[in-house]
Amino acid sequence: MSDLGDWFRSIPLITRYWFAASIAVPLFGKLGLINAVNLILWPENFLHKFQIWRPLTATFYFPVGPKTGFLYLVNLYFLYQYSSRLETGAFDGRPADYVFMLLFNWICIVITGVIINMQLLMIPLIMSVLYVWSQLNRDMIVSFWFGTRFKACYLPWVILGFNFIISGSVVDELIGNLVGHLYYFLMFKYPMDLGGRNFLTTPQFLYRWLPSRRGGGGVSGFGIPPASARRVEEEQPGAGRRHDWGQGFRLGD
């Protein structure tokens, strides 16, 4: 038990709470401690009966059973692996920025869930995080089952096909990928590679609540500057210098 406790405490803080809630809430529902009907996202109850807890519980709840248990465990593994890697990689020392990414993705998924009557939000949020990791490490070669190898940028779509084989549906995975792409485009691609304005900024209250452990807030230091900025940097050594996105990981390391 001490080894299990040491492993759990070694998980990065934000991922640790998310991972623990994603185990506890389904367990409460499975044991009947909480009626599972009260945990899923019913748009009617959320919007008109003010059951405001539903978007949050629907993010952590998953109906675990003989037909869904394997899918649940696979996605729990993805949560642990790729949330940990983002939190200790691109967002290392910047918990406020990581929480902001999760909040942005979660709000987009909740809005989508209300519109299309999607009752479970766990898989879309996990996939949105996995998508962001795959884009920040897009050229890293990853290994999947049966020894298949490909670039990390294809990983979300491989997993979408994998989950389709398991569950017969790709709606949750597709929404997660689209939301992850929206965040990645607005935070990284558009302002850094295309030279556009920055539409996403972490609120200051998050920095006060979760102060950065190293210089300057925000993830704006990550990425590749647009061509105009790169020309200035070439002409003036040291100008416009930016951080790398960080080192990638192989699946299953």
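Residues numbered from 1 in each chain as written. Predicted model: local features only at pLDDT ≥ 70, side-chain atom pairs only at ≥ 80, totals over all residues. Heavy atoms only, no water.

### Concerning the overall build of the protein chain
Now for step 1: Along the backbone of the protein chain there are 11 helices and 2 strands.
Now for step 2: When the helices and strands of the protein chain are listed from N to C terminus, the series reads α-α-α-α-α-α-α-β-β-α-α-α-α.
Now for step 3: For the protein chain, buried positions account for 46% of its 253 residues.
Now for step 4: Partitioning the intrachain contacts of the protein chain with sequence separation of at least 6 by distance along the chain shows that 65% fall at a separation of at least 24.
Now for step 5: Carbon and sulfur atoms make up 64% of the accessible area of the protein chain, which totals about 13,300 Å². (Helix = DSSP H or I, 4+ residues; strand = E, 2+ residues; numbered from the N terminus. Buried < 20%, exposed > 50% of the residue type's maximum accessible area, 1.4 Å probe, protein only. Contact = heavy atoms within 4.5 Å. Areas by Shrake-Rupley, 256 points an atom, 1.4 Å probe, with all protein chains shown as cover.)

### Observations concerning a nonpolar patch on the surface
Now for step 1: Taken together, the side chains of Leu-103, Ile-107, Ile-111, Ile-115, Ile-116 and Val-171 present a nonpolar region at the surface, about 540 Å² in accessible area.
Now for step 2: For the nonpolar patch, the element with the highest residue contribution is helix 6 (residues 95–116), accounting for 5 residues.
Now for step 3: Considering the arrangement of structural elements, one finds Ile-116 in helix 6. (Patch = residues over 30% accessible without salt bridge, like charges linked within 9 Å, V, L, I, M, F, W, Y side chains within 5 Å. Salt bridge = Lys/Arg side-chain N within 4 Å of Asp/Glu carboxyl O.)

### Comments concerning the pattern of salt bridges
Now for step 1: According to the stated counting rule, one finds 2 salt bridges in the structure shown.
Now for step 2: Across the pair Arg-9 and Asp-6 runs a salt bridge, and its minimum N-O distance is 2.7 Å. On the criterion of helical spacing, the pair formed by Arg-9 and Asp-6 is a turn pair, its members being 3 residues apart in helix 1 (residues 2–10).
Now for step 3: Residue Asp-139 is joined to Lys-151 by a salt bridge in which the shortest nitrogen-to-oxygen separation is 3.7 Å. Placement of the pair is Asp-139 in the loop between helix 7 (122–136) and strand 1 (141–143) and Lys-151 in strand 2 (residues 149–151), with a sequence separation of 12 residues.
Now for step 4: Residue classification places Lys-151 among the partly exposed positions, given a relative accessible area of 38%.

### Side note on the nonpolar core
Now for step 1: With 64 residues, the main nonpolar core has Trp-18, Leu-86, Tyr-98, Met-101, Leu-155 and Tyr-183 as its most contacted residues.
Now for step 2: At the level of elements, helix 2 (13–31), helix 4 (54–60), helix 5 (69–88), helix 6, helix 7, helix 8 (155–167), helix 9 (171–193) and helix 10 (204–209) are the ones that each hand at least two residues to this core. (Core = buried A, V, L, I, M, F, W, Y, C linked by side-chain atoms within 4.5 Å.)

### Regarding the packing of aromatic side chains
Now for step 1: This model, assessed by the stated rule, comprises 14 aromatic pairs.
Now for step 2: Through pairs of rings, three or more aromatic residues link up here, namely Tyr-77, Phe-78, Tyr-82 and Trp-133.
Now for step 3: A cation sits over an aromatic face here: Arg-85 above Tyr-82, 5.2 Å from the ring centre. (Phe/Tyr/Trp six-rings, centres within 6.5 Å; stacked < 30°, edge-to-face > 60°. Lys NZ or Arg CZ within 6 Å of the ring centre and 35° of its normal.)

### Observations concerning unusual backbone geometry
Now for step 1: The backbone of Phe-50 shows a phi angle near 55°, a positive value even though the residue is not glycine.
Now for step 2: Along the chain, Phe-50 falls in the loop between helix 3 (43–48) and helix 4.
Now for step 3: Of note in the backbone geometry, Asn-117 takes a positive phi value of approximately 60° without being a glycine.
Now for step 4: Turning to its location among the elements, Asn-117 is positioned in the loop between helix 6 and helix 7.

### Here's the deal with the UniProt feature "transmembrane region" (unreviewed entry) in the protein chain
Now for step 1: Residues given the UniProt feature "transmembrane region" (unreviewed entry) here are residues 17–40, 60–80, 101–134 and 154–179.
Now for step 2: End-to-end, the C-alpha atoms of residues 17–40 are 20 Å apart, and along that stretch the chain is 62% helix and 0% strand.
Now for step 3: Between the end C-alpha atoms of residues 101–134 there is a gap of 15 Å, over a span that is 85% helix and 0% strand. (UniProt positions renumbered as here; feature names shortened; annotations may be inferred.)

### So, helix 6
Now for step 1: Between its first and last C-alpha atoms helix 6 spans 31 Å; for 22 residues at 1.5 Å apiece the expected length is 32 Å, and the two agree.
Now for step 2: Backbone geometry just after helix 6 places Asn-117 at a positive phi near 60°. (Expected span 1.5 Å × (residues − 1).)

### Some words on the side chain of Asn-163
Now for step 1: You can see Asn-163 is positioned in helix 8.
Now for step 2: Here Asn-163 falls in the buried class, since its relative accessible area comes to 0%.
Now for step 3: Of note is the side chain of Asn-163, whose polar atom sits 2.9 Å from the side chain of Glu-173. (Polar contact = N/O pair within 3.5 Å; in protein donor to acceptor, adjacent residues only side chain to side chain.)

### Some thoughts on the packing of helix 6 against helix 9
Now for step 1: Direction vectors running N to C along helix 6 and helix 9 enclose 135°, while the axes themselves pass 10 Å from each other. Put simply, helix 6 runs oblique to helix 9. By crossing handedness, the relation of helix 6 to helix 9 is classed as right-handed. Packed against helix 6, whose contacting residues are Phe-100, Met-101, Phe-104, Asn-105, Cys-108, Ile-109, Thr-112 and Ile-116, the element helix 9 presents Val-171, Ile-175, Val-179, Leu-182, Tyr-183, Leu-186 and Met-187 at the interface. (Axes fitted to C-alpha atoms, helices over the stretch in contact; angles between N-to-C directions. Parallel < 35°, antiparallel > 145°, perpendicular 65-115°, else oblique. Left-handed = near helix turned anticlockwise from the far one by under 90°.)

### Structural notes on the packing of helix 7 against helix 9
Now for step 1: Packing of helix 7 against helix 9 brings their axes to within 7 Å, and their N-to-C directions diverge by 45°. The angle between helix 7 and helix 9 falls in the class oblique. Judged by the sense of rotation from one axis to the other, the crossing of helix 7 with helix 9 is right-handed. Where helix 7 abuts helix 9, its residues Ile-123, Pro-124, Met-127, Ser-128, Tyr-131, Val-132, Gln-135 and Leu-136 lie against Asp-172, Glu-173, Ile-175, Gly-176, Asn-177, Val-179, Gly-180, His-181, Tyr-183, Tyr-184 and Phe-188.
Now for step 2: Here the contact of helix 7 with helix 9 is built from residues that sort into 11 nonpolar, 6 polar and 2 charged. (Nonpolar A, V, L, I, M, F, W, Y, C, P; charged D, E, K, R; others polar.)

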